[in-house]
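Structural features, examined
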Amino acid sequence: VWQDEGPNLVANGDFEADNQLWQCSNTTIFQDPCENDFWLEADIVIPPPCGDPFADADRDGDVDQDDFGAFQQCITGMNNGPVSGDCLCFDRIDSGDSARDDDVDQVDYAAFEACASGPGIPADIACDDNN
């Protein structure tokens, strides 16, 4: 990310406001000797893009046994997270909640089943619009 001027871009994608204080490692990994610009090291985790619908793990347009196999590898059970990597796509927002609960359990399985279509049968991309 190149930033010439203006408020600092912070790791969550927001811009820093005047009253925010952010701790910075200030670890210089490169300095341009000509313009005296500094490049700083940053650890940023970008979650994987999910299929549409989310249950289409292999992004082939259907929700079938191949996708269910991927889902099975992600099952943590209730309150047994954390969930990471490609499994983040299977962690759905539970009814009545405002955020994901960091596990892949029976609630997420019900959402998966609602999107199941079968091999070669196009999935309903709206099946996951409510969660």
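Residues numbered from 1 in each chain as written. Predicted model: local features only at pLDDT ≥ 70, side-chain atom pairs only at ≥ 80, totals over all residues. Heavy atoms only, no water.

1. Focus on the overall build of the chain
- Helices and strands together make up the secondary structure of the chain, namely two helices and two strands.
- Order of helices (α) and strands (β) in the chain, N terminus to C terminus: β-β-α-α.
- Contacts in the chain between residues at least 24 apart in sequence constitute 46% of all its contacts with a sequence separation of at least 6. (Helix = DSSP H or I, 4+ residues; strand = E, 2+ residues; numbered from the N terminus. Contact = heavy atoms within 4.5 Å.)

2. With respect to unusual backbone geometry
- Asp52 connects to Pro53 through a cis peptide bond whose omega is 10 degrees.
- The omega torsion across Gly81 and Pro82 is 10 degrees, close enough to zero to call that bond cis.
- Inspection of the secondary structure assignment puts Pro82 in the loop between helix 1 (65–74) and helix 2 (106–115).
- One non-glycine residue, Asp102, lies in the positive phi region at around 60 degrees.

3. Observations regarding the packing of helix 1 against helix 2
- Taken N-terminus to C-terminus, the directions of helix 1 and helix 2 make an angle of 170 degrees; their axes are 12 Å apart at the nearest point. With respect to helix 2, the element helix 1 is oriented roughly antiparallel. Side by side, helix 1 and helix 2 meet where Asp67, Phe68 and Phe71 of the first sit next to Asp108, Tyr109 and Phe112 of the second.
- Class assignment of the residues belonging to the contact of helix 1 with helix 2 gives a composition of four nonpolar, no polar and two charged. (Axes fitted to C-alpha atoms, helices over the stretch in contact; angles between N-to-C directions. Parallel < 35°, antiparallel > 145°, perpendicular 65-115°, else oblique. Nonpolar A, V, L, I, M, F, W, Y, C, P; charged D, E, K, R; others polar.)

4. Focus: helix 1
- For helix 1, the complete set of buried residues consists of Asp67, Phe68, Phe71 and Cys74. The buried residues of helix 1 occupy one face: seen down the axis, they fall within an arc of 110 degrees. Facing away from the buried side of helix 1 by over 90 degrees, the exposed positions are Gln65, Asp66 and Gln73.
- Looking at the buried positions of helix 1, the neighbouring elements they touch are helix 2.
- The N-capping residue of helix 1, defined by a side-chain oxygen 3.2 Å from the backbone nitrogen of Asp66, is Asp64. (Buried < 20%, exposed > 50% of the residue type's maximum accessible area, 1.4 Å probe, protein only. Arc of directions from axis to C-beta. Polar contact = N/O pair within 3.5 Å; in protein donor to acceptor, adjacent residues only side chain to side chain.)

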